[in-house]
Amino acid sequence: MNLIIPTEDFSIGIYTEDWEVEDLTMEQCGDIKTDSIKNSKLIYLLESEQYLENLYLNIENNTYENIRSFDTFNWNDSKMILNLILYKESKEFYDIFIPIKSTKQSKKLIRSISKLFKNDYCFKKLKRNL
């Protein structure tokens, strides 16, 4: 999963232990590691807050369309975007996007997610960049 601020050069990447991440910039926090227990808690959090109700795919030309309707969102109109990376055993992966429209909602979600991971520096920096 990536937590992305569309208007800034900053994001947080949360990946499993076996996923190799090359963070080539100083502006990213792309190496927060997770495991199946934390992933389960993260999914529960997203479900309970109903973030998984509106999932979007990048169709083409940076057009993001809801998988259940013809709704779209504009990348730069969101305060924060969750990018969920679904990886299948067949080596396929899918990028799913969840736009977060308000700063208040974004900060609330960041607080909830930061409780699962021990990296206060990155999450505080993410909140400051909102």
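Scroll up to find the structure this text is about.
Here the structure is a predicted model, which means the values were calculated and not measured.

Draft legend 1. Quick peek at the environment of serine 112. When you line up the elements, serine 112 lands in helix H2 (residues 103–114). The exposure class of serine 112 is partly exposed, given its relative accessible area of 24%. Separated by 36 residues in the primary sequence, serine 112 and asparagine 76 have C-alpha atoms spaced 24 Å apart.

Draft legend 2. Broad picture of the packing of H2 against helix H3 (residues 120–129). Where H2 contacts H3, the two axes come as close as 10 Å, and the packing angle between them is 180 degrees. One finds that H2 runs roughly antiparallel with respect to H3. On the side of H2, the interface is formed by Lys107, Ile110, Arg111, Ile113 and Ser114, while H3 contributes Phe123, Leu126 and Lys127. For the contact of H2 with H3, the per-class residue count stands at four nonpolar, one polar and three charged.

Draft legend 3. How the structure looks around the layout of surface pockets. Volume-wise, the largest pocket comes out at about 500 Å³. Contributing elements (two or more residues each) for the lining of the largest pocket: strand S2 (11–16), helix H1 (36–48) and strand S7 (80–87). Partitioning the lining of the largest pocket into residue classes produces 14 nonpolar, three polar and no charged.

Draft legend 4. The arrangement of the pattern of salt bridges in detail. For the structure on display, the rule yields one salt bridge. Here lysine 108 ties to glutamate 49 by a salt bridge, and the two come within 3.3 Å at their closest N and O atoms. One end of the pair, lysine 108, is in helix H2; the other, glutamate 49, is in the loop between H1 and strand S4 (56–60), and 59 residues separate them in sequence. For lysine 108, a relative accessible area of 41% puts it in the partly exposed group. Under the relative-accessibility criterion, glutamate 49 is labelled partly exposed at 34%.

Draft legend 5. Seen up close, a nonpolar patch on the surface. On the surface, Leu57, Ile59 and Ile67 cluster together to form a nonpolar patch covering roughly 240 Å² of accessible area. Its location among the elements puts isoleucine 59 in strand S4. Taking relative accessible area as the criterion, isoleucine 59 reaches 46% and is therefore assigned partly exposed.

Draft legend 6. Highlighting the packing of aromatic side chains. Scanning the model with the defined rule gives five aromatic pairs in all. Ring geometry for tyrosine 64 against phenylalanine 73: centres 4.9 Å apart, planes inclined by 25 degrees, an arrangement best described as stacked. Using a relative accessible area of 6% as the deciding quantity, one classes phenylalanine 73 as buried. Ring geometry for tryptophan 75 against phenylalanine 97: centres 5.8 Å apart, planes inclined by 75 degrees, an arrangement best described as edge-to-face. Placement of tryptophan 75 in the loop between strand S6 (72–73) and S7 and of phenylalanine 97 in strand S8 (residues 93–100) is noted, with a sequence separation of 22 residues between them. For tryptophan 75, a relative accessible area of 22% translates into the label partly exposed. By way of ring pairs, the aromatic residues Tyr56, Tyr64, Phe73, Trp75 and Phe97 are connected into one cluster.

Parameters and conventions
- Residues numbered from 1 in each chain as written.
- Predicted model: local features only at pLDDT ≥ 70, side-chain atom pairs only at ≥ 80, totals over all residues.
- Heavy atoms only, no water.
- Helix = DSSP H or I, 4+ residues; strand = E, 2+ residues; numbered from the N terminus.
- Buried < 20%, exposed > 50% of the residue type's maximum accessible area, 1.4 Å probe, protein only.
- Axes fitted to C-alpha atoms, helices over the stretch in contact; angles between N-to-C directions.
- Parallel < 35°, antiparallel > 145°, perpendicular 65-115°, else oblique.
- Contact = heavy atoms within 4.5 Å.
- Nonpolar A, V, L, I, M, F, W, Y, C, P; charged D, E, K, R; others polar.
- 1 Å grid on protein atoms, 1.4 Å probe; cavity = no way out; pocket = protein on both sides within 12 Å on 5 of 7 lines; lining within 4 Å.
- Points joined across faces, edges and corners; volume = space filled by probe spheres on them.
- Salt bridge = Lys/Arg side-chain N within 4 Å of Asp/Glu carboxyl O.
- Patch = residues over 30% accessible without salt bridge, like charges linked within 9 Å, V, L, I, M, F, W, Y side chains within 5 Å.
- Areas by Shrake-Rupley, 256 points an atom, 1.4 Å probe, with all protein chains shown as cover.
- Phe/Tyr/Trp six-rings, centres within 6.5 Å; stacked < 30°, edge-to-face > 60°.

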